[in-house]
Amino acid sequence: MKPDFSVPAPVLEALRRLGAGGFEAWLVGGCVRDLLRGAAPKDYDICTSALPPQTTACFEEGFSVIPTGAAHGTVTAVINGMPLEITTYRVDGSYSDGRHPDRVHFASGLREDLARRDFTVNAMAWRPGAPLQDPFGGREDLARGLIRCVGEPALRFEEDGLRILRALRFASVLDFTLEENTAAAVLSRAGLLGRVSRERVCQEWLRLLPGPGAARVLRGFGPVFSLFLPGLDLSAPALEALSSLPPDFILRTALLLQNAGGDACRAQLRELKLDRRSCEAAAALVRRLSEGPCAPREALAQLGPEQARRFALLLRALGLGDKGYAGEIERILSTGECFSLRTLAVNGNDLMALGIPRGRRVREVLEGLLARVLEEPSLNRKEVLLPMAAGLWHNPFPYSDGEKRYHTWDYELRRRYGGKVCKVPLNGGFTCPNLDGTCGTEGCSYCSGSGSGEFAGDPSEDIVTQFLSVRQRMWQKWPGARTIAYFQARTNTYAPVPRLKELYEPVLALPGVVGLSVATRPDALPPEVLDYLEELSCRTDLMVELGLQSSNDETARRIGRGHDFACFVRAVEALHARSIPVCAHIIDGLPGEGREQMLDTARALAALPLHSVKIHLLHVLRGTRLEEQYARGEFSLLSRAEYVQIVCDQLELLPPEMVLQRLTGDGERSQLIGPLWSLKKLAVQNEIDKELVRRGSWQGKYYHKEDAP
């Protein structure tokens with residue numbers, strides 16, 4: 001045998017000294033196996049014909065000897081700082097406790113010593129200048145990639161139940177297979193692991209899971225592992241994902257326990273006697289996975305750099321992310337961008353210097369600043385954040401973690417989900433009762449051919465493909481963000497319930513989808529659809545978005561809505577009775593309406609049990625009846641200043657708890673005739689913010705609770 005690695009000098013010295021004392025001495029076990037494989041052994045064990053006192057005598061001159069297990073024939077010689085276990089040839093007696101031999105008998109020769117060992121690949125001996133001693137065919141099994149017991153497998157496992165896991169660990173780490181009889185005994189004797197301490201089981205699991213053959217071993221011997229970790233996900237997709245992960249124990253453990261939940265994951269690992277730090281790390285990943293994908297900055301903020309990198313690998317293995325997610329994490333870290341309170345450009349001392357009192361309020365303002373910076377990293381500058389902090393401190397509006405004086409959709413989502421969530425607009429190929437002749441054939445005067453779904457997906461694609469395509473575009477801006485499936489184009493409840501299920505259910509089943517939003521008309525909610533929506537709301541976050549546009553029936557007739565305000569009220573009440581949240585859509589600047597009519601619409605909404613409102617300015621789009629009316633000069637569009645004033649007036653009338661999902665809108669540029677100022681959506685929002693501050697006002701300032709339902 002010609003090993004690929006030279007044997008260390010202290011090992012050669014130990015063999016030389018024993019030989020000089022007239023004793024046989026051999027390298028044995030794992031070090032011989034590794035040398036034959038061309039791998040560097042982690043340690044070297046020596047067996048010898050010398051009895052423990054004789055071994056000690058061989059090393060008394062110049063080296064220290066420790067009687068680590070003299071009763072079992074083992075002493076440890078420390079040669080030039082290298083500890084070497086040296087064990088007398090021995091034969092083990094019976095194992096009444098399933099772990100330790102009741103008695104040890106010193107053997108007369110090497111073969112007897114090798115015969116007591118567990119597997120053939122560990123039952124070989126060698127020393128430089130001598131032939132390999134291999135009485136049980138270990139070298140051949142090594143070449144074949146086989147783990148086979150020495151002797152009868154069932155008896156070997158009865159002696160020490162831990163050998164069951166050792167066999168599987170070697171199969172994983174060496175990427176070997178189990179010999180047929182050995183494999184059968186592993187399964188039939190798996191119950192013996194109940195006699196083995198959890199600490200010993202844990203040590204084998206720690207070494208087994210990172211092995212290159214782990215997925216194959218788990219697939220073939222799942223019942224064994226379920227004995228001590230019953231929450232393991234050993235499904236084909238999970239094991240396929242495992243094979244794509246690097247050999248990181250915490251990472252792989254989190255993947256396999258992803259369905260257990262964070263608390264159960266921690267409990268099972270603690271029961272296994274895994275160290276507390278590893279338990280917490282795996283449980284944190286499982287908890288984060290159970291909440292769905294999130295933006296890289298959120299992952300960094302919640303988990304820290306090391307764990308966020310693991311999370312990125314998990315997302316990719318599960319098909320929920322790509323290289324770009326991990327790349328964004330590295331970019332944030334390398335550029336020093338903010339992702340936590342510790343990396344914020346201001347701290348508590350800075351805020352207290354502004355006069356903000358120490359304690360809870362400082363923390364609230366810091367968290368509000370962080371929320372803004374996570375969405376706009378360029379804000380993380382002291383000269384920018386300190387004025388924002390002052391605004392936060394003096395902001396009288398309670399439903400805000402920033403300087404906003406109205407109840408934003410982003411704030412609501414952060415409060416509910418703890419991070420960025422975005423809507424994925426979809427086109428389910430629906431029609432509309434205002435197009436098919438049920439209540440009209442021309443549609444609303446402002447509605448384009450896309451049915452208000454200019455930014456939705458391609459209806460020629462199946463709904464899952466469409467969703468994934470649109471989500472991927474959105475992930476370019478918010479990598480890994482959780483999503484709400486938003487059926488946007490036309491009337492998305494205007495179909496039989498089986499058809500609705502064909503569209504809604506597949507996207508709800510996708511990982512990372514936390515809810516469903518359905519845009520529809522109040523006259524397209526028959527009882528059977530309401531029943532299905534109620535059932536859906538019990539298992540996902542459902543929002544029904546109802547188009548109203550104006551509470552003025554004359555305006556509704558003028559724009560061709562095809563229903564009156566009373567129809568809208570009935571739909572809201574029917575949905576509210578089923579505990580289904582409703583978002584109302586209104587449009588400011590409709591033909592024939594002045595400021596008072598628009599404020600009347602806000603007052604009408606304030607009196608209804610609505611969850612949220614979308615305020616949109618009137619867009620004139622190409623190919624609509626409204627385009628013709630505008631060209632004839634039948635109405636004029638609001639200026640930006642007029643729109644800002646009206647929106648602020650409306651906000652003051654709405655209940656402070658009501659969520660504002662939108663305060664403006666930007667039409668598709670190639671189709672938009674006017675107003676062109678609407679394309680600068682952020683500028684419009686900023687003007688609304690400034691006007692509320694100038695007024696010393698906020699959402700709900702003039703709302704009276706006694707007017708509420």
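This one's a predicted model, so the numbers in the text were calculated from it and none came from an experiment.

Quick notes on the rules
- Residues numbered from 1 in each chain as written.
- Predicted model: local features only at pLDDT ≥ 70, side-chain atom pairs only at ≥ 80, totals over all residues.
- Heavy atoms only, no water.
- Helix = DSSP H or I, 4+ residues; strand = E, 2+ residues; numbered from the N terminus.
- Expected span 1.5 Å × (residues − 1).
- Buried < 20%, exposed > 50% of the residue type's maximum accessible area, 1.4 Å probe, protein only.
- Arc of directions from axis to C-beta.
- Core = buried A, V, L, I, M, F, W, Y, C linked by side-chain atoms within 4.5 Å.
- Contact = heavy atoms within 4.5 Å.
- Pairing = 2+ DSSP bridges.
- Axes fitted to C-alpha atoms, helices over the stretch in contact; angles between N-to-C directions.
- Phe/Tyr/Trp six-rings, centres within 6.5 Å; stacked < 30°, edge-to-face > 60°.
- Lys NZ or Arg CZ within 6 Å of the ring centre and 35° of its normal.

Digging into helix H24 (residues 497–508)
Under the 1.5 Å per step criterion, the end-to-end length of H24 is 16 Å for twelve residues, consistent within 8% with the ideal 16 Å. Val497, Leu500, Leu503, Tyr504, Val507 and Leu508 are the residues of H24 that are buried. For H24, the angular spread of the buried residues around the axis is 135°, confining them to a single face.

Section: the nonpolar core
Of all hydrophobic cores here, the largest spans 74 residues; its most connected members are Leu168, Trp205 and Phe225. Setting aside its immediate chain neighbours within four residues, Phe225 contacts Leu165, Leu168, Trp205, Leu208, Val217, Leu218 and Leu232. If you look at the next biggest cluster of nonpolar residues, it comprises 71 residues, including Val470, Ala571, Val644 and Leu653.

Some thoughts on the side chain of Gln466
Relative to the assigned elements, Gln466 resides in helix H23 (residues 463–475). For Gln466, a relative accessible area of 1% gives the class buried. Once you skip the residues sitting within four places of it in the chain, Gln466 turns out to touch Leu426, Asn427, Gly457, Asp458, Pro459 and Glu461.

Topic: the sheet that holds strand S1 (residues 25–28)
With mixed pairing, the six strands of this open sheet are ordered in space as S3-S4-S5-S2-S1-S8. Looking at strand neighbours, the two that pair on one side only are strand S3 (64–69) and strand S8 (125–126), the edges of this open sheet. When S1 meets S8, the two strands line up antiparallel, connected through two bridges. Looking at S8, one finds that Val28 is bridged to Ala125.

Overview of the sheet that holds strand S18 (residues 659–662)
One open sheet accounts for seven strands, arranged S11-S12-S13-S14-S15-S16-S18; its pairing is parallel. Each of the sheet's edge strands pairs with one partner strand only, and the pair in question is strand S11 (421–426) and S18. Across the sheet, the axes of successive neighbouring strands diverge by a mean angle of 25°, strand direction being ignored. Contacts between helix H27 (residues 565–577) and the sheet are confined to strand S14 (541–549) and strand S15 (582–588), with S14 contributing the most and set at about 170° to the helix.

Let's talk about the side chain of Arg297
Positionally, Arg297 belongs in helix H16 (residues 296–303). Here Arg297 falls in the buried class, since its relative accessible area comes to 12%. Excluding its chain neighbours within four sequence positions, the residues that come into contact with Arg297 are Glu328, Arg331, Ile332, Glu337, Cys338, Phe339, Leu374 and Pro377.

Side note on the packing of aromatic side chains
When we look at a pair of aromatic rings, we describe it by the centre distance and by the angle of the planes. For the structure shown, the criterion picks out ten aromatic pairs. Relative to Trp677, the ring of Tyr643 lies with its centre 5.8 Å away and its plane at 45°, an arrangement referred to as tilted. Residue Tyr643 is found in helix H30 (residues 640–653), and its partner Trp677 is found in the loop between strand S19 (672–674) and helix H31 (681–695); the two are separated by 34 residues along the sequence. Aromatic rings pair up to connect Trp205, Phe225 and Phe228 into one cluster. One Lys or Arg, Arg169, reaches over the ring of Phe170 and ends 4.6 Å from the middle of that ring. A cation sits over an aromatic face here: Lys701 above Trp698, 5.2 Å from the ring centre.

Regarding the environment of Thr76
Residue placement: Thr76 occurs in strand S4 (residues 74–79). Linking Thr76 and Thr55, residues 21 residues apart in sequence, is a C-alpha distance of 9.5 Å. Setting aside chain neighbours within four positions, we find Thr76 in contact with Ser64, Val65, Ile66, Thr68, Pro83, Leu84 and Glu85.

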